[in-house]
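Geometric and topological summary
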There are 2 protein chains.
Amino acid sequence: MSGELVYGGPLSERKKRILRSIIEAHIEMGEPIGSKYLVASAQIPFSSATIRNEMAELEEMGYLEQPHTSAGRIPTKLGYRFYVDSLMENYKLTAAEIVTLNNMIQSKIGELDTMIQTASKLVANLTNYTSVAIKASETETVRAFSYMILDEHKFLMVMQMNNESIKTKKVSADCMLDHSGMEALVSLFNKYCVNVVPDDIPYSTILKMESAMGERASLVNPAFKAFYESVASPSASNVKFEGVNKLLEYPEFSNVEQLKRVFSMIENKDDFLDMLSRSDSDKINVFIGDERESRFASNSAFIFRPLTVDGKVIGAIGVFGPSRMDYSKVISTVEYLSQKITGIIEGKALPESDDKR
Amino acid sequence: MSGELVYGGPLSERKKRILRSIIEAHIEMGEPIGSKYLVASAQIPFSSATIRNEMAELEEMGYLEQPHTSAGRIPTKLGYRFYVDSLMENYKLTAAEIVTLNNMIQSKIGELDTMIQTASKLVANLTNYTSVAIKASETETVRAFSYMILDEHKFLMVMQMNNESIKTKKVSADCMLDHSGMEALVSLFNKYCVNVVPDDIPYSTILKMESAMGERASLVNPAFKAFYESVASPSASNVKFEGVNKLLEYPEFSNVEQLKRVFSMIENKDDFLDMLSRSDSDKINVFIGDERESRFASNSAFIFRPLTVDGKVIGAIGVFGPSRMDYSKVISTVEYLSQKITGIIEGKALPESDDKR
DNA sequence: TTTTAGCACTCAAAACATTCAAGTGCTAAC
DNA sequence: GTTAGCACTTGAATGTTTTGAGTGCTAAAA
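What follows deals with the overall build of chain A. Of regular secondary structure, chain A possesses 12 helices and 10 strands. The C-alpha radius of gyration computed for chain A amounts to 27 Å, which surpasses the reference 21 Å derived for 357 residues by more than 25%, pointing to a less compact arrangement than a globule. Summarising its shape, the C-alpha atoms of chain A cover approximately 95 × 50 × 40 Å along the three principal directions. Here chain A, with 357 residues, has 48% of them falling under the buried criterion. Sequence-distant contacts, at least 24 apart, represent 60% of the contacts inside chain A between residues at least 6 apart. For chain A, the exposed area adds up to about 17200 Å²; of that, 49% sits on carbon and sulfur atoms. With 40 positive and 48 negative side-chain charges, chain A shows a spacing of 3 Å between the two charge centroids.

Next comes the structure, spelled out in C-alpha cells:
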C-alpha cells in the first residue's frame, strides 16, 4: 500500500527460480516461454506439469501473462520490475569492455556536452539499444561581464557564467566605441545583471541603465539583447539519441503503429525530460512501459542514470529499448559510465588508470 | 547520349497531358493509376481504350511502369524526372504561407545555424515531409587572435575567424599571467597562426614560438591546444533532420526492410553530404531513388537547395521523402526559403517587409 | 487513319477452409 | 507433492476459391 508497486505476495524459492528463468529466456529469445522449454533447456529440475502449475500461480499473482491460450508465458511489467529489483544478477563488464570504455572516455575529457555524447555512443554500441543523452537545462546566470572591442562599431560581450563556462556574443553598436564608454556599460551590467535571469529584470532598470549611460544610451539595448539571448534561450535542455535504427531490429517494434508511437516520443523529447524530472537523482531509474499508461509507449523501457554535480542534476545518460531488454548488462554499463563521468567532472580525476601505466 | 538522362523521344501533347495527369494523381493518392480513373475523374477527353494505348507507349518509352499486369501504371524515375524538368507547374505559395514564413524567419535572424534550422522546421511543417538541414564544414582559419585575462591563471583566447564568427576558449596556465606576457603570446600567434589550419603548422614553428616566449614558454602549449581544438574539430559538417516520423505516414515506407534502409541513411548522414558535394550549387537539386542505384534508398527522393555565400557552399536546406512527392510545392517552398536566407546572410536585408508596414 | 466499344485474359488481394504444432489445464496415478 | 497422459484451444502456416480492377487486342465506328 505504501509504494507504487505492490507485489502479489511472497514467492517461494522455486517460483523465483522459474520466474527468473522465464524472464531471462524471454529476454534472449523474444518469444513466449513454455513449460517444456524450461525443462529441456534450463535448469529447473521438475517436470513440465509442475512448472505449469507454478506458472499458473505466477500468472495469477500478476508476474506473467499469456498472449493467448496456446502460447507460453511472457513477463508482465510487474514481472520485469520484480526481476530488476530482486532477481537479477549484476552483469560484470568484461576487462575488454572496461578498457574500451576507459580509452574512449579518456580521449574525450573536456566539454561536458561531448563527454555525455561520447558516453551515449558507447552505450549504444555496447548494448545494441538506442541510447539517450540528456543535457539538462540550466538556469544559468552571469557572474561577471567584461568586453573586448573588435572594431569601431563592434564589441564582444564576454560573460563568465556561474557554472564556470564562458559565453561570448558579438554586439554591433551605432555609435563609435571607446574604452571609457565600454567600461561604463560593463560596470552597469555588473551592477544590475549579475546572478539574475533577464526575465527578472524590470524594464525600469533598463531605463535606469540607459539614463546612466547618457549620450551612449543606445549601447544598452543591443548589449542587453546579447545578454538575454545568451542566458535565456540557448542552453535549453536537449535530448539526443544514438542508434535509433537499432530499434528496428527488435520484432516488438516492427509494426508501423508501434513505430509511430515510439518515434513521436523520440522526436518530441518532452517525455524523456519529464521522466528525468520525476526520477531519483542518485541511482539508476527504470521506467517500464505498459498498455495501461498512455504516456509511455508500451513494450518499451527506459533506463537511465541522472548525472549530478553538487546535488544538482546536470543531465543523464540512458538507454531506450524494448521492455524485453538485457537489464543486467544495460544497467551495469550505464552505471559504470555515469560514475566515470561524474568522477571526471567533479575533478576526482581518473580513478584507475589501467591504460597509462 | 550527352546528358546522364536520355529521354525516350519526343512526346505528343496528348502523351504529355496523360503522363502529367497520371503522375499528379499518383502523387496525390499513392496508388497505381488506371485508364478508367483518368477518364472518370480527370480531364482527358478520350476513351479509356485510347488512353490505354498511349499508356502502353509511355511504358515502352520508359516513363511509366506496371507493378503487375492487372494494375494501373506508376511513374518511373525517368517519368518523375521528366515531370520535374518539363511538365510540372510552379506551385504558388499562398499569401498566408508567405506571411508565416517571413514572420518565422524574421524572428530568427542571427546565427546561421539557427536560421538554417528554423527554415528546416518550417519546411517540414509546411510540406509534411522530413526536412534536412545541412551545415557545411568549413575549413575555418583565424583572422586575428586576442586575449582577455580572467584571473591569475586563466585567460580567454579570442579568435576572430575569417568567416566573421568568433570563437573563444578558456585556457589555464601554470604561471602567473600578466599583460605583457599575453601581448607577446598573442602577437606570436598573430604572426604564425593566422589564415592557416593548425595541421599545416610544423612543429618547428611551435618550438620557435616557445623560445621567443622565454621564461613564459609554458604558455605556448596550452594556447596552441586551444587554437587547435577550436579550429580543427568542432565545425564538422552536420546534417539535421526534422519530422522524421512523418516518413511513417507514407505507405511506401511502412515495411520494416525499407525503413531500415532509410533510417540507416538518415543516421549515417554521409550520403546526404555526398549528394550535396555533387550538386549544382546555384539551383534546386532533385535526387530520385531507384532500384538500380544501390547508394540511395529506392522509392525515395531528396530535394535540396545549396546555400551559397560568395560562391562558397555553406550549407543546404531540403526535403527527404517518398519519390511520390509533391515536387511542385516542395520545390517552391525550399526555393523561397533558401532565397530568403541567402538574402539575409548577404546583408541585402529584408526585401518585402509586408509585416512591418 | 484515328478512336472506341467490347470482350477475353491476368493476377494480386481478399475471403475462406484446412492442417499443424505448441502449449495449456486437469485428472488420475505414483 | 509430483508427474504422466490426454483432451482441448488457438495462432500460424498453408492451400483454395472468389473477386475485381485493369489490361491488351480486335473489330466496328467515326
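Among the 20 residues in the neighbourhood of DNA strand C, the closest are listed as Ser35(A), Met55(A), Arg73(A), Thr50(B) and Thr69(B). Near the protein, within 4 Å, the atoms of DNA strand C are sugar or phosphate in 75% of cases. In this structure, a phosphate oxygen belonging to DNA strand C sits 2.8 Å away from a side-chain N or O atom of Ser35(A). Within the side chain of Ser70(B), one N or O atom sits 3.2 Å away from a base oxygen of DNA strand C. Elements represented by at least two residues in the surface near DNA strand C include exactly α3 (48–61) of chain A together with α3 (48–61) of chain B. For the surface near DNA strand C, the element with the highest residue contribution is α3(B), accounting for 4 residues. Here the surface near DNA strand C is composed, by residue class, of 4 nonpolar, 12 polar and 4 charged.

On to the protein's contact with DNA strand D. Near DNA strand D, the surroundings consist of 20 residues, among which Thr50(A), Thr69(A), Ser35(B), Met55(B) and Arg73(B) are the closest. The contact atoms of DNA strand D, taken as those within 4 Å of the protein, divide so that sugar and phosphate hold 73%. A distance of 2.8 Å separates a phosphate oxygen of DNA strand D from a polar side-chain atom of Ser35(B). Taking Arg73(B), its side chain carries an N or O atom lying 2.9 Å from a phosphate oxygen of DNA strand D. Secondary-structure elements contributing two or more residues to the surface near DNA strand D are α3 of chain A together with α3 of chain B. The leading source of residues in the surface near DNA strand D is α3(A), at 4 residues. The residue makeup of the surface near DNA strand D, split by class, is 4 nonpolar, 12 polar and 4 charged.

Glancing now at the relation of the copies chain B and chain A. Between chain B and chain A, which share one sequence, the superposing operator has a rotation angle of 180° and an axial displacement of 0.2 Å; the RMSD is 0.4 Å. Here the two chains are linked by the operation of a two-fold rotation axis.

Residues and elements named next belong to chain B. Here Leu 87 shows up in helix α4 (residues 77–87). Using a relative accessible area of 9% as the deciding quantity, one classes Leu 87 as buried. In this structure the C-alpha to C-alpha distance between Leu 87 and Asp 270, which are 183 residues apart in sequence, comes to 32 Å. When neighbours within four sequence positions are excluded, Leu 87 is seen to be in contact with Lys 16, Leu 19, Arg 20 and Phe 82.

Turning our eyes to something else, we now look at a positive patch on the surface. Taken together, the side chains of Lys121(A), Lys240(A), Lys269(A), Lys108(B), Lys121(B), Lys240(B) and Lys269(B) present a region of like positive charge at the surface. Along the chain, Lys121(A) turns up in helix α6 (residues 112–127). Classification of Lys121(A) by relative accessible area gives partly exposed; the value is 43%.

All names here are of chain B. Residues Asn 285 and Phe 287 line one face of strand β8 (residues 285–288) and the alternating positions Val 286 and Ile 288 line the opposite face, and both faces are buried. Pairing geometry for β8 and strand β9 (residues 300–309), over 4 bridges, is antiparallel. Its bridge partner lying in β9, Ile 288 is registered against Ala 301.

Within the chain, Asp310(A) stands out as a residue other than glycine whose phi angle is a positive 55°. Relative to the elements of secondary structure, Asp310(A) occurs in the loop between β9 (300–309) and β10 (312–322). One non-glycine residue with positive phi stands out, namely Asn195(B), at about 55°. With respect to the element layout, Asn195(B) can be found in the loop between α7 (179–192) and α8 (203–212).

Residue and element names in this part refer to chain B. Spatially, the 3 strands line up as an open sheet ordered β4-β5-β6, and their pairing is antiparallel. Of all the strands in the sheet, just β4 (142–151) and β6 (166–172) have a single pairing partner and so form its edges. Averaged over all adjacent pairs, the angle separating strand axes in this sheet is 20°, with direction ignored. Bridging between β4 and strand β5 (residues 154–161) involves 8 bridges; their strand directions are antiparallel. Each bridged residue has a counterpart across the sheet, and for Tyr 147 the counterpart in β5 is Met 157.

All names here are of chain B. Pairing is antiparallel in the open sheet, where 5 strands are placed in the order β7-β3-β10-β9-β8. Two strands in the sheet have a free side with no partner beyond their single neighbour: β7 (238–242) and β8. Averaged over all pairs of adjacent strands, the angle between their axes in this sheet comes to 20°, without regard to strand direction. In the sheet, β9 pairs with strand β10 (residues 312–322) via 10 bridges, with the strands oriented antiparallel. Each residue of the ladder has a partner; that of Val 309, found in β10, is Lys 312. Most of the contacts of helix α6 (residues 112–127) go to strand β3 (residues 130–135), to which it runs at about 165°, and overall it touches β3, β7, β9 and β10.

Here is what the cut-offs are and how they apply
Residues numbered from 1 in each chain as written. Chains lettered and ligands numbered in written order. Predicted model: local features only at pLDDT ≥ 70, side-chain atom pairs only at ≥ 80, totals over all residues. Heavy atoms only, no water. Helix = DSSP H or I, 4+ residues; strand = E, 2+ residues; numbered from the N terminus. Rg over C-alpha atoms; globule rule 2.2 N^0.38 Å. Buried < 20%, exposed > 50% of the residue type's maximum accessible area, 1.4 Å probe, protein only. Contact = heavy atoms within 4.5 Å. Areas by Shrake-Rupley, 256 points an atom, 1.4 Å probe, with all protein chains shown as cover. Lys, Arg positive; Asp, Glu negative; His and termini not counted. Charge placed at Lys NZ, Arg CZ, Asp CG, Glu CD. Near = heavy atom within 4 Å. Polar contact = N/O pair within 3.5 Å; in protein donor to acceptor, adjacent residues only side chain to side chain. Nonpolar A, V, L, I, M, F, W, Y, C, P; charged D, E, K, R; others polar. Least-squares fit on C-alpha atoms with pLDDT ≥ 70 in both. Patch = residues over 30% accessible without salt bridge, like charges linked within 9 Å, V, L, I, M, F, W, Y side chains within 5 Å. Salt bridge = Lys/Arg side-chain N within 4 Å of Asp/Glu carboxyl O. Pairing = 2+ DSSP bridges. Axes fitted to C-alpha atoms, helices over the stretch in contact; angles between N-to-C directions.

Remember, this is a structural readout, not a statement about activity or role.
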